[in-house]
Amino acid sequence: MSICLVIDEMHPTLKSLLKAEGVQIDYDPDLLPAEVPAALAEKPYEGLIVRSKVRITADLLRQGKHLRYVARAGAGIDNIDMHALEAAGITLLNAPEGNSQAVGEFTVGLLLALLRKVASADAEVRRRQWQREANRGYELSARTVGILGCGHMGQSFARCLRGFGCEVLGHDNNPQVQSTEYLSVVSLQELQERADVLSIHIPYSAENHAFVNEKVVSGFRQPFWLLNTARGEVLDHAALIKGMQQGQILGAALDVLENERLGALKPDQLARLEFLQAAPNVLFTPHVAGWTHESYQRINEVLARKIGAFLRA
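Rules used throughout
- Residues numbered from 1 in each chain as written.
- Predicted model: local features only at pLDDT ≥ 70, side-chain atom pairs only at ≥ 80, totals over all residues.
- Heavy atoms only, no water.
- Patch = residues over 30% accessible without salt bridge, like charges linked within 9 Å, V, L, I, M, F, W, Y side chains within 5 Å.
- Areas by Shrake-Rupley, 256 points an atom, 1.4 Å probe, with all protein chains shown as cover.
- Salt bridge = Lys/Arg side-chain N within 4 Å of Asp/Glu carboxyl O.
- Lys, Arg positive; Asp, Glu negative; His and termini not counted.
- Charge placed at Lys NZ, Arg CZ, Asp CG, Glu CD.
- Helix = DSSP H or I, 4+ residues; strand = E, 2+ residues; numbered from the N terminus.
- Buried < 20%, exposed > 50% of the residue type's maximum accessible area, 1.4 Å probe, protein only.
- Core = buried A, V, L, I, M, F, W, Y, C linked by side-chain atoms within 4.5 Å.
- Contact = heavy atoms within 4.5 Å.
- Pairing = 2+ DSSP bridges.
- Axes fitted to C-alpha atoms, helices over the stretch in contact; angles between N-to-C directions.

(A) Representation of a negative patch on the surface. Together, Glu 9, Asp 28, Asp 30, Glu 35 and Glu 42 make up a negatively charged patch on the protein surface. Within the element layout of this structure, Glu 9 appears in the loop between strand S1 (2-6) and helix H1 (14-20). Take Glu 9: its relative accessible area is 46%, and that puts it in the partly exposed class.

(B) Layout of the nonpolar core. Counting residues in hydrophobic clusters, the biggest one holds 28 residues, and the most contacted among them are Leu 198, Ile 200, Val 212, Leu 226, Leu 240 and Leu 254. Of all the secondary-structure elements, those providing two or more residues to this core are strand S9 (197-200), helix H9 (214-218), strand S10 (224-228), helix H10 (237-245), strand S11 (249-254) and helix H11 (267-278). With 22 residues, the next largest nonpolar core counts Val 108, Leu 110, Phe 157 and Val 177 among its residues.

(C) Seen up close, the pattern of salt bridges. Scanning the entire structure with this criterion turns up 13 salt bridges. Salt-bridge contacts for Arg 231 lead to Asp 78; the nearest nitrogen and oxygen are separated by 3.1 Å. One end of the pair, Arg 231, is in the loop between S10 and H10; the other, Asp 78, is in the loop between strand S4 (69-72) and helix H4 (82-88), and 153 residues separate them in sequence. A relative accessible area of 16% places Arg 231 in the buried class. Judged by relative accessible area, which is 30%, Asp 78 ranks as partly exposed. Taking the shortest distance from any N to any O, the salt bridge between Glu 258 and Arg 272 comes out at 2.8 Å. Of this pair, Glu 258 sits in the loop between S11 and H11 while Arg 272 sits in helix H11, and the two are 14 residues apart along the sequence. The exposure class of Arg 272 is buried, given its relative accessible area of 17%.

(D) Highlighting helix H7 (residues 152-160). Turning to H7, its buried residues are Met 153, Gly 154, Gln 155, Ser 156, Phe 157 and Ala 158. Contacts from the buried residues of H7 go to helix H5 (96-115), strand S6 (144-148), strand S7 (167-171), S9 and S10.

(E) Broad picture of the sheet that holds S11. Strand order in the open sheet made by the seven strands is S8-S7-S6-S9-S10-S11-S12, with parallel pairing throughout. Both outer strands of the open sheet, strand S8 (184-185) and strand S12 (282-284), are each paired with one neighbouring strand and no more. Looking at chain direction, S6 and S9 are connected through four bridges and run parallel. Following the sheet pairing, Gly 146 is matched in S9 by Leu 198. Along the sheet, H7 makes contact with S6, S7, S9 and S10, crossing S6 at roughly 165 degrees.

As structure tokens, this is what we get:
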């Protein structure tokens, strides 16, 4: 039976799901990052399942002399050195299908909250202020939504929007991505010319670092709302603030930040965060777009299927 090391907290169904695929797991989510290399070297592990506890580097992979695959419990792979995996002949498996529905639904919720001023209205009523006119909002059906990144997350968001009657445009740098019944794939320039909303769904990579920058923001023909449920580093937060100050960005909903270690912010990061915290048209959530009770279990199911298929291939 194939053996797999699991170093992060996973839904309890993982053991039985992998057993059905012929995989035994050593489940040790309490391992400290510094302890992972030694643990990986203890047994002939063919697999390693991770979330974000450690960065997968060439040095770490050298400890797993029998590794055949690394499975990322989730979608993002920014903590994994793909070049190191390729050099070692190790396959990467991840599970964007597991939490794409959660991300799609959540992004719709953020957009509705922005357009209808839900957070500020709630705060006012709690202060016993009843201001109907000040909280007059906008209907989603009258907006054109632009989706940057048409992978699992962007497509899920588009599907979740279908009942609102709004126009949905998508842009992706992958030429294989095609229009669907839910969204029309267009150039970035056309998206900028037509969209009232920009929702970011691109993965983080060196090429995507600060992809949404001052040039992209200023290229929109009309002021727009901005949503980011992808990775904080794909958005230039200085450009976000400048866009808000100039009225180009009408409001923002941020599930991710440029630095999510809030106790270790650099001075410039702290200054930007404090500006955004003081802005009434900014919503924050703590990187939970894809984090639901259902997705927690579904990620296991997706990974187990993929691991089983890989081992049988």
